[in-house]
Structures are given as structure tokens and as C-alpha cells.
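The residues making up each chain are set out below.
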Amino acid sequence: MSFQKTLTRRMLSLDFLDDVRRMNKRQLYYQVLNFGMIVSSALMIWKGLMVVTGSESPIVVVLSGSMEPAFHRGDLLFLTNRVEDPIRVGEIVVFRIEGREIPIVHRVLKIHEKENGDIKFLTKGDNNAVDDRGLYKQGQHWLEKKDVVGRARGFVPYIGIVTILMNDYPKFKYAVLFLLGLFVLVHRE
Amino acid sequence: MVKSCEDGGHVWKGIAYRLTSSCSTLIWMSVSSRKNVDDFTGPRERSDLGFITFDLSADLKPIFDWNVKQLFLYLSAEYATKSNALNQVVLWDKIVLRGESTKLNLRDMKSKYFFFDDGNGLRANKNITLTLSWNVVPNAGILPLVMGAGRMSVPFPESYETTKSY
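Criteria and thresholds
- Residues numbered from 1 in each chain as written.
- Chains lettered and ligands numbered in written order.
- Predicted model: local features only at pLDDT ≥ 70, side-chain atom pairs only at ≥ 80, totals over all residues.
- Heavy atoms only, no water.
- Helix = DSSP H or I, 4+ residues; strand = E, 2+ residues; numbered from the N terminus.
- Buried < 20%, exposed > 50% of the residue type's maximum accessible area, 1.4 Å probe, protein only.
- Contact = heavy atoms within 4.5 Å.
- Areas by Shrake-Rupley, 256 points an atom, 1.4 Å probe, with all protein chains shown as cover.
- Patch = residues over 30% accessible without salt bridge, like charges linked within 9 Å, V, L, I, M, F, W, Y side chains within 5 Å.
- Salt bridge = Lys/Arg side-chain N within 4 Å of Asp/Glu carboxyl O.
- Buried area = accessible area lost by both parts, 1.4 Å probe.
- Polar contact = N/O pair within 3.5 Å; in protein donor to acceptor, adjacent residues only side chain to side chain.
- Nonpolar A, V, L, I, M, F, W, Y, C, P; charged D, E, K, R; others polar.
- Pairing = 2+ DSSP bridges.
- UniProt positions renumbered as here; feature names shortened; annotations may be inferred.
- Core = buried A, V, L, I, M, F, W, Y, C linked by side-chain atoms within 4.5 Å.

**Some thoughts on the overall build of chain A**
Reasoning step 1: Across its full length, chain A holds five helices and seven strands.
Reasoning step 2: Starting at the N terminus and walking to the C terminus, you meet the elements of chain A as α-α-α-β-β-β-β-β-β-β-α-α.
Reasoning step 3: For chain A, buried positions account for 38% of its 189 residues.
Reasoning step 4: Here the analysis covers contacts within chain A between residues at least 6 apart in sequence; of these, 55% occur between residues at least 24 apart.
Reasoning step 5: Surface summary for chain A: the accessible area is close to 11900 Å², and the carbon and sulfur share equals 63%.

Have a look at this one:
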């Protein structure tokens, strides 16, 4: 290779491209399989969490400021949704209103439970002046167990901001995924 | 006056919430009366509406440790009626941030939220239990719900009030 080419290559730090060129087909397939394994493991961990916590969404990101100053946008919440845990006032529940996708994180204000365990309850965000009746579906006055995604049992601040960024700026999401994919494919063990 | 060290707490599958060794002093006094009014926010026409005023005194300092960001205090009323085996209504709540005064001395407090029953179960209800509880919000970690040990039971009168109570 000419001196100039080597110099340019070095200056642009493109030495890793040599690695890719040297890899033959078998190694490429191996790297793809490796990548597939990482994705599968991640999925398995997520599904495992769903089973252990009983919630379809064991980790959620806080999307609004209605629970400030306790939780801010971008905080991460860990949920459980065990049937044995009864819903009681003061608990922080994550629920979905029928027909809407976005889960809401608010606190239980009132409950009325029948002897057979049927429960209806009302929620309110800490930072809101009024309860959530205005948010529920037209004609709906209470929430029921089936609307609950889970109860917040633990929390970590700030970390969920990455998810919000990826949602608001799709280009950022694609860039992250692209870089990750590239890294896994090219990295030699 | 009820002086007690609360040992309440929920245990979450083997991971016990911190059992704080705090001693809160709660002084309660409540006056209650009741009306039957139209409840426009709820599903039915007429429901019982209870009025409770209370005094509350507490020392929250022992609950705050290095990992506590804030406390969400709430006063809840728990009772049973013919139509519902268990009812819980939050009457009043307060957020106490780390750094704020931890001594509470509230007198003649009215409830913050309307004490509507799901029906007419407040009339002549002998046993409404008022409990002070709090949700500890850490800087990071588990979110425990703790019930204070001081508890007070009040009855509602047999008849409705027709005049303004507050």
C-alpha cells in the first residue's frame, strides 16, 4: 500500500476497517449470531421481570410532572402487580385509561372494596389540584383492578431521560442503535 | 394523647421496608358531623358527606435519614358500610421536603378533600378510624408506605345536619 494511503488511513483512524476486511464469511456469521444472542438475552431478562413482578410493564419512565416533587420527568419506576397485594390509599399506582395507551402514575385517594374483593378507586396526582375524574373515560367515575399496570415499589431518578430523548428525537434513537450494532458486529473477541 | 413508636410497614416479598424506629407523638381531637348532599362529581345523586376537623401534632425528624428526599403524609379515614366491606378515604395530605420543618403542630384543620361515601353509609357509623400514614420517597431505592401507630376512632352522628358546618 502506498505511503499516502497508509498515512490517510491512520489519520482518519480507520484501522478497524482492516479487521472487517480480514474477517471471512464464517466469522461474520459468528458475529451476527453473537448479536442475536445479546438481543435474546435482553428479551429474556425483560420477560423474566414481567413474570416475577406480575406486571406487563415492570419498569416505567415518568412522563409528566404531575407527581412532583417526588418524581420528575425521566425518573424510572419499578412496579409490581401481584394479585395478593390489595390496593390501598396512599399507594402510587400506574394505570391505563381504557382506550388510551399512555400509562399514568398517580396516587390512590379513595377506595371502596366489596366483600368479594371487587374494588373501585379514585386517583390524584400529587402536583394536581383536583382528582383524576376529569381524566377518566366519559362516564367513568372509578378505576378498577383491570386498569392497573402496577404499583410503584422502587425508583431511580434521571435514568429514564434516555428513553424520553429517544422518543422525542428519533434520529437519536437510530444513531444509538446503529452505533451499538456496528460495535457488536465489528468487535473481535 | 397517644404516644407511640410506629413499627408499621409493608413487607415486599422478603425485602422489608426499612422499619424506622421513630416515635411520633400524635394528639388528636376531632369533631365530626355529617350531611347528605348531592354529589355532582360522583355516580349517584345523593351521598353522605362527612365533615371532620382535627388537631395533629407530630415529630417527623426520626424518619428522615440520608436517603429520604421527601415524605408524603396523609390522613385517611377507614370504615365499613353495608354496601362496601372496606372504605378508605384520604382526608388530608401534606408533602414534607427534606430540610423543611419536621415538627407539625396543626390545629383546627379541615379536611382537604370531600369525605363522600359511596352511598349513605356514614350515618350512624360508629367506627371511622383515622390513621396518619406516610410514603417515604428516597433519593433512590424502595418506596415504603408506613402507617403511624397512633390511631383514632370516631363515630358519626345519627342524624344529618341541615346547616353549614364549617
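**Concerning a nonpolar patch on the surface**
Reasoning step 1: Residues A:Ile161, A:Val162, A:Leu165, A:Tyr169 and A:Phe172 make up a contiguous nonpolar surface patch of roughly 440 Å² in combined accessible area.
Reasoning step 2: Its location among the elements puts A:Phe172 in helix H5 (residues 170-186).

**Details of the interface of chain A and chain B**
Reasoning step 1: Each partner contributes to the interface: chain A provides 33 residues, whereas chain B provides 35 residues.
Reasoning step 2: Carbon and sulfur atoms make up 57% of the area that chain A and chain B hide from each other, which totals about 2800 Å².
Reasoning step 3: At the junction of chain A and chain B, the tally comes to one salt bridge.
Reasoning step 4: Notably, a salt bridge pairs B:Asp118 with A:Lys120, separated by 2.9 Å at the nearest N-O pair.
Reasoning step 5: Counting across the chain A and chain B interface gives 17 residue pairs in polar contact (both at pLDDT 80 or more).
Reasoning step 6: For the side of chain A that touches chain B, the secondary-structure elements that each account for two or more residues are strand S2 (76-80), strand S4 (104-113), strand S5 (119-124) and strand S7 (148-156) of chain A.
Reasoning step 7: A total of seven residues in the side of chain A that touches chain B trace back to one element, the largest contributor, which is S4(A).
Reasoning step 8: Along the lines of polarity and charge, the residues of the side of chain A that touches chain B split into 13 nonpolar, six polar and 14 charged.
Reasoning step 9: Bridge count between S4(A) and strand S8 (residues 86-97) of chain B: four bridges; the pairing is antiparallel. Bridge assignment links A:Glu113 to a residue of S8(B), and that residue is B:Leu86.

**Focus on the UniProt feature "transmembrane region" (unreviewed entry) in chain A**
Reasoning step 1: The positions that UniProt labels "transmembrane region" (unreviewed entry) are, in the present scheme, residues 28-46 of chain A.
Reasoning step 2: A helix fraction of 100% and a strand fraction of 0% characterise residues 28-46 of chain A, whose end C-alpha atoms lie 28 Å from each other.

**Examining the pairing of strand S11 (residues 128-138) of chain B**
All names here are of chain B.
Reasoning step 1: With 10 of 11 residues buried, S11 lies mostly within the body of the structure.
Reasoning step 2: With seven bridges joining them, S11 and strand S13 (residues 145-154) adopt antiparallel strand pairing. In the sheet register, Ile128 faces S13, and the bridge partner there is Val154.

**Some points on the nonpolar core**
Reasoning step 1: Within the largest apolar cluster, 22 residues are counted, with the highest numbers of intra-cluster contacts made by A:Phe95, A:Val108, A:Ile111 and A:Phe121.
Reasoning step 2: The set of elements that each furnish at least two residues to this core consists of strand S3 (92-95), S4 and S5 of chain A together with strand S7 (68-79) and S8 of chain B.
Reasoning step 3: Ranked by the residues each element gives to this core, the list is headed by S4(A), at four residues.
Reasoning step 4: Discounting residues that sit within four places of it in the chain, A:Ile111 has contacts with A:Ile87, A:Arg88, A:Val89, A:Ile119, A:Lys120, A:Phe121, B:Leu86, B:Asn87 and B:Gln88.
Reasoning step 5: If you look at the next biggest cluster of nonpolar residues, it comprises 17 residues, including B:Phe54, B:Tyr79, B:Leu91 and B:Val154.

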